[in-house]
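# Architecture and fold: a report
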Amino acid sequence: MENLSIGIDIVNVDRFRKKPYSDNKQFYKKIFNHDEILYCQKYKDTYPHFAGKFAVKEALKKTFSKHISFLDIVTSNGKNGEPLINLKKKTKNIFKVSISHEKNIAIAVVVSIEN
């Protein structure tokens, strides 16, 4: 039998804009791994991307009843640019994720299916 969980999170991009990466590297390293930081930094305006990845991690955390560290959640992109999620600790879950941005807002929805 499959268990289905849905998580959603919305983030104001200014939360990250007010904490510039160059002045707050330790803060960012508590949330994002090295590859995630590099991905966000390849864009002229990094903060919508940080906010989107943060929203994904928060949304995924809401699908679990146990605590999961931000750094245990690894976000990436597929060959067509679609967002992907992996966990460092193996689970039997399959994840589907969607991220959207509008002006100063990032939102993510995660569906977790446990086999």
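Residues numbered from 1 in each chain as written. Predicted model: local features only at pLDDT ≥ 70, side-chain atom pairs only at ≥ 80, totals over all residues. Heavy atoms only, no water.

## Describing unusual backbone geometry
Note the threshold: The numbering of helices and of strands both runs from the N terminus, where a helix is a DSSP run of H or I of at least 4 residues and a strand a run of E of at least 2.
With a phi close to 50°, Lys-103 is a non-glycine residue in the positive phi region. Among the secondary structure elements, Lys-103 is positioned in the loop between strand 4 (93–102) and strand 5 (105–114).

## Here we look at the pattern of salt bridges
Let me state the cut-off plainly: Take a side-chain nitrogen of Lys or Arg and a carboxyl oxygen of Asp or Glu: if they are within 4 Å of each other, that pair is a salt bridge. Burial here depends on accessible area, computed with a 1.4 Å probe over protein chains only, as a share of the maximum for the residue type. Under 20% is buried, over 50% is exposed, and the range in between is partly exposed.
A full pass over the atoms with the stated rule returns 5 salt bridges. A salt bridge links Asp-45 to Arg-17; the nearest nitrogen and oxygen atoms lie 3.2 Å apart. Of the two residues, Asp-45 sits in the loop between helix 3 (34–41) and helix 4 (47–61) while Arg-17 sits in helix 1 (residues 14–17), which places them 28 residues apart along the sequence. One salt bridge in this structure joins Lys-89 and Asp-72, with 3.6 Å as the shortest N-O distance. Placement of Lys-89 in the loop between strand 3 (83–87) and strand 4 and of Asp-72 in the loop between helix 4 and strand 2 (73–77) is noted, with a sequence separation of 17 residues between them. Residue class for Lys-89 comes out exposed when judged on its relative accessible area of 57%.

By themselves, these figures tell us nothing about what the structure is for.
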